[in-house]
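Chain by chain, the residues run as shown.
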Amino acid sequence: MDRTADVVIIGAGIVGTATAYFLAQHGISVIVCEKGEVAGEQSSRNWGFVRQQGRDPAELPLAMGAIRIWQGLERELNADLEWIQGGNLMTFDDEVGQAAWEGWVTTAREQGLESQLLTPAEIADHLPGNRIECRGGVFTPSDGQAEPTVVTGALQRAAEGRGAEFLTHCAVYDIETTAGALSGVVCEQGLIRAPVVVLAAGAWSSRMLRLLGVRLPQMWLRGSVARTQALPEITSAATWSGVAFRQRRDGSLNVANRSVDHDLTVDTIFNLPAFVSNYFDHKRAVKLHFNRLFFDLLAGRFSKAALRRELTRFRILDPEPNLGQLRGLVADVRRLLPAAAEAEIERTWAGYIDFTPDMLPTIDRLEQPGGLVLATGFSGHGFGVGPMAGQLAAELARGAEPSLDLTPFRFSRFHDGSRLKPFSVD
Ligand SMILES: Cc1cc2nc3c(=O)[nH]c(=O)nc-3n(C[C@H](O)[C@H](O)[C@H](O)COP(=O)(O)OP(=O)(O)OC[C@H]3O[C@@H](n4cnc5c(N)ncnc54)[C@H](O)[C@@H]3O)c2cc1C
């Protein structure tokens, strides 16, 4: 099969699918290649937080733009996304945390985002009867939550309704260039000629870019999530207080926290210089493991043929959740929330999160090779910002002026000597 399109998108997570949706709105012919299923990886496995609160000030405009889209998205897509704009609640334990959050709230206000500092009594208005021991909290009322297992599918249907084509079980093996500019991709169904390719391949982006000799520092971290049975009404605020939880429409809780596992791969070694100082800053939140993933992903780093095999062998990355961690977190929830005293784990899962050294995404159109748009590296924030990221990637793909300043998300920051450090309020 030899096909042509105006734009090919690699990856049908929320970012690639939203990009297709916004491109199709402009009558641009777009083909999305997905090696597995739509939203099979991170985009269906996340907690479902749509959060501006606590974001890097450089990322706030992206998160705020996303909220504007989320507010009208159910109507626009004619779909139930289980969108609840119930706010985001976080707590702090001591004076240092309080000072950091006061500073963040001031910065957020300067950017037009309303967030409030709360006393423990005010926290109880959101979480009645809670036994959280804290000095205070912060609440952003315009934050929300949605159901990851339905959102990307709804975007796909709307994109298809406008003419976009989705090829699933169709891995892209290679990205072709002619005279320094992109000319198409080689996928499982043959060649697709296109002058513009959007790389929205999540955890696989760095591996795909190496095909072009482009180096993107990226690390995979394994995040685990537990789901409880349906519980009495607790809160409509997505909450983060040591343990993170949100109550879904059916009353069940998604429970997790910021601790992650890192399964060592050969990329860990190559990316060490870019990540090592951040690792030591957050050592307590990252557990290292040496397991079979190291060997599973070894050869694809060095050979195109091996990468092909990896892309089809791992059609959907489905790693093991950290059960010990999740049991402890659900026990915390039982202890902290009277209404969750009977909470039991009904389901668990995990996903590999793609992190960059500064935990900011890359949304950029490269000059070399011409025609390559990057929309990747969402570092654990991509569900919330996904719709806006898709809009911006679509603008770049059709050569329009981006509606946000994309300087913080430029690809060149990884190679121009910029000092890259993740922002953290606490
Ligand atoms: C446990 C967990 C909790 C999280 N919690 C939150 C949260 O609460 N809020 C939030 O905002 N974000 C959260 N995130 C992060 C969020 O899920 C991601 O940032 C977001 O889904 C990234 O979307 P994406 O489209 O870039 O990538 P993905 O959803 O990973 O999609 C990339 C797709 O590209 C495909 N692909 C890759 N290579 C190829 C190829 N060569 N050919 C064809 N297809 C290819 C993959 O199969 C995949 O489907 C969480 C993530 C995890 C794992």
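Described below are features of the structure shown in this document.

1. A word on unusual backbone geometry
- In this structure, the amide linkage connecting Gln368 to the following residue, Pro369, adopts the cis form with an omega of 0°.
- Tracing the backbone shows Pro369 in the loop between strand S21 (362-365) and strand S22 (372-376).
- In the Ramachandran plot, Ser379 falls in the positive-phi region, its phi being about 50° despite a non-glycine side chain.
- For Ser379, the position within the fold is in the loop between S22 and helix H12 (382-397).

2. Things to note about the sheet that holds S22
- Strands sit in the order S9-S3-S2-S13-S22-S21 across an open sheet of 6 strands; the sheet is mixed. Both edges of this open sheet fall to strand S9 (165-167) and S21, since each of them pairs with a single strand only. With direction set aside, neighbouring strand axes in the sheet form an average angle of 15°.
- Pairing of strand S13 (residues 196-199) with S22 involves 3 bridges; the strand directions are parallel. Looking at S22, one finds that Leu199 is bridged to Leu374.
- On top of the sheet, H12 reaches strand S2 (7-10), S13, S21 and S22; it is set at about 15° to S21, its chief contact.

3. Topic: a nonpolar patch on the surface
- A cluster of nonpolar side chains, Ile269, Phe270 and Phe302, forms an exposed patch at the surface whose accessible area comes to about 340 Å².
- Considering the arrangement of structural elements, one finds Ile269 in helix H8 (residues 266-281).
- For Ile269, a relative accessible area of 54% puts it in the exposed group.

4. Structural notes on the pairing of strand S5 (residues 88-92)
- Burial of S5 is extensive: 5 of the 5 residues sit out of reach of the surface.
- Side chains Asn88, Met90 and Phe92 of S5 all project onto a buried face; the interleaved residues Leu89 and Thr91 project onto the opposite face, where all are buried too.
- Bridging between S5 and strand S7 (residues 136-140) involves 5 bridges; their strand directions are antiparallel. Of the residues in S7, the one forming a bridge with Phe92 is Gly136.
- Note that S5 and strand S15 (residues 238-241) share 3 bridges and pair parallel. Among the inter-strand pairings, Asn88 is bridged to a residue of S15, identified as Ala238.

5. Quick notes on the pattern of salt bridges
- Under the counting rule described, the total for this entry stands at 22 salt bridges.
- Notably, a salt bridge pairs Arg315 with Glu188, separated by 2.8 Å at the nearest N-O pair. Taken together, the residues Arg315 in the loop between helix H10 (304-313) and helix H11 (323-336) and Glu188 in the loop between strand S11 (181-187) and strand S12 (190-193) connect sequence positions 127 residues apart.
- Look at Glu188 and you get partly exposed, because its relative accessible area is 29%.
- Here Asp267 and Arg301 are joined by a salt bridge, their closest N and O atoms 2.7 Å apart. Of this pair, Asp267 sits in helix H8 while Arg301 sits in the loop between helix H9 (293-296) and H10; the two residues are 34 residues apart in sequence, bridging distant segments of the chain.
- Assessed through its relative accessible area of 17%, Arg301 is described here as buried.

6. Points about empty space enclosed by the protein
- Inspection of every chain in the model, using the stated rule, returns 1 cavity of 30 Å³ or more.
- Considering only enclosed or pocket space, the largest cavity measures out at about 80 Å³ in volume.
- Forming the walls of the largest cavity are Ala203, Ser206, Arg207, Gln218, Met219, Trp220, His262, Asp263, Thr265, Asp267, Thr268 and Asn271.
- Those elements giving two or more residues to the lining of the largest cavity turn out to be helix H7 (205-210), strand S14 (219-228), strand S18 (260-263) and H8.
- Among the elements that take part in the lining of the largest cavity, H8 stands out by supplying 3 residues, more than any other.

7. Points about the packing of aromatic side chains
- Applying the stated rule across the entire model yields 16 aromatic pairs.
- Between the aromatic rings of Trp47 and Trp240, the centroid separation amounts to 5.0 Å while the plane-to-plane angle is 70°, which identifies the pairing as edge-to-face. Remark: Trp240 occurs in strand S15 and Trp47 occurs in the loop between helix H2 (42-45) and strand S4 (49-50); sequence separation between them is 193 residues.
- When its relative accessible area of 13% is taken as the criterion, Trp240 is described as buried.
- Measuring from ring centre to ring centre gives 6.0 Å for Phe411 and Phe414, while their planes differ by 65°; the resulting arrangement is edge-to-face.
- In this structure Phe411 comes out as buried when scored by relative accessible area, which is 11%.

8. Looking at helix H1 (residues 14-25)
- Counted at 1.5 Å a residue, the expected span for H1 with its 12 residues is 16 Å, and the 16 Å between its end C-alpha atoms agrees.
- Among the residues making up H1, those that are buried are Ile14, Val15, Gly16, Thr17, Ala18, Thr19, Ala20, Tyr21, Phe22, Leu23 and Ala24.
- Count one or two residues on from H1 and you reach Gly27, which has phi positive near 75°.

Rules used in this analysis
Residues numbered from 1 in each chain as written. Predicted model: local features only at pLDDT ≥ 70, side-chain atom pairs only at ≥ 80, totals over all residues. Heavy atoms only, no water. Helix = DSSP H or I, 4+ residues; strand = E, 2+ residues; numbered from the N terminus. Pairing = 2+ DSSP bridges. Axes fitted to C-alpha atoms, helices over the stretch in contact; angles between N-to-C directions. Contact = heavy atoms within 4.5 Å. Patch = residues over 30% accessible without salt bridge, like charges linked within 9 Å, V, L, I, M, F, W, Y side chains within 5 Å. Areas by Shrake-Rupley, 256 points an atom, 1.4 Å probe, with all protein chains shown as cover. Salt bridge = Lys/Arg side-chain N within 4 Å of Asp/Glu carboxyl O. Buried < 20%, exposed > 50% of the residue type's maximum accessible area, 1.4 Å probe, protein only. 1 Å grid on protein atoms, 1.4 Å probe; cavity = no way out; pocket = protein on both sides within 12 Å on 5 of 7 lines; lining within 4 Å. Points joined across faces, edges and corners; volume = space filled by probe spheres on them. Phe/Tyr/Trp six-rings, centres within 6.5 Å; stacked < 30°, edge-to-face > 60°. Expected span 1.5 Å × (residues − 1).

Coordinates in, geometry out; function isn't part of it.
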